[in-house]
Amino acid sequence: MSQEKDQLSKQDKYFLEMCVNLAEEALKAGDKPFGSVLVGENENILATSRNRINEKTVLAHPEIDLAQWACDNLDIEERQKATLYTSGEHCPMCAGAHAWAQIGELVFLSSAEQLTDWLKQKGVTESPINFVPSRDIINFGKVRGPFEGELFERIKSLQLKA
């Protein structure tokens, strides 16, 4: 798993922008601003999801939905060649789902550490979980992120509004 500074391709930016748009949609619907896109090996969009904790349960994270979708609709080889793009790094629950589903790659825009800092800025000092870097949970597959830039500033703004 890579720790060096990763670069975003044009396609990465495209999919991460979709994630931010889904996060914005989630916030407008009264949910926390998180969105994710599952992409196949030929850069085809397989499925999308946004946070729906207000509609379902606190467990309705988009990454859980997409890991479940992948298990239900893709064989193991297809899952291992897929990439899960997400607006924010997985929480430990979502990282576990990603790992168990054996999705090949995770690309996230903002990190769990950054989210923790933003929550502190808003006065939120306690969480029911400890945020753990996805790299520490996902044993197989590539993990890339976070990425600074315009999209990062958009997701930061959405998180601070939430």
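Residues numbered from 1 in each chain as written. Predicted model: local features only at pLDDT ≥ 70, side-chain atom pairs only at ≥ 80, totals over all residues. Heavy atoms only, no water.

Enquirer: Kindly report on the UniProt feature "domain: CMP/dCMP-type deaminase" (unreviewed entry) in the protein chain, identifying the contributing residues and their values.
Expert: Here the UniProt feature "domain: CMP/dCMP-type deaminase" (unreviewed entry) sits at residues 10-126. With 48% helix and 20% strand, residues 10-126 has end C-alpha atoms that lie 37 Å from one another. (UniProt positions renumbered as here; feature names shortened; annotations may be inferred. Helix = DSSP H or I, 4+ residues; strand = E, 2+ residues; numbered from the N terminus.)

Enquirer: Got a sec to walk through the nonpolar core? Specific residues and values, please.
Expert: Membership of the largest hydrophobic core comes to 20 residues, with the highest contact counts inside it found for F15, L16, V20, V37, Y85, L109 and I155. Elements supplying a minimum of two residues to this core: α1 (10-28), β1 (35-39), β4 (105-110), α5 (112-121) and α6 (150-161). A total of seven residues in this core trace back to one element, the largest contributor, which is α1. Aside from chain neighbours lying at most four places away, what touches L16 is L8, Y85, T86, V107, F108, L109, F147 and L151. L38, A67, A70 and A97 belong to the second largest nonpolar core, which has 11 residues in total. (Core = buried A, V, L, I, M, F, W, Y, C linked by side-chain atoms within 4.5 Å. Buried < 20%, exposed > 50% of the residue type's maximum accessible area, 1.4 Å probe, protein only. Contact = heavy atoms within 4.5 Å.)

Enquirer: Give me the lowdown on the pattern of salt bridges, citing residues and values where you can.
Expert: Think of it this way: side chains of opposite charge can pair up when their charged atoms draw near. For the structure on display, the rule yields eight salt bridges. The residue E24 makes a salt bridge to R154 at a minimum N-O spacing of 3.8 Å. Of the two residues, E24 sits in helix α1 while R154 sits in helix α6, which places them 130 residues apart along the sequence. Residue classification places E24 among the partly exposed positions, given a relative accessible area of 29%. When its relative accessible area of 25% is taken as the criterion, R154 is described as partly exposed. One connected set of salt bridges, linked through shared partners, spans E25, D31, R50, R52 and E55. (Salt bridge = Lys/Arg side-chain N within 4 Å of Asp/Glu carboxyl O.)

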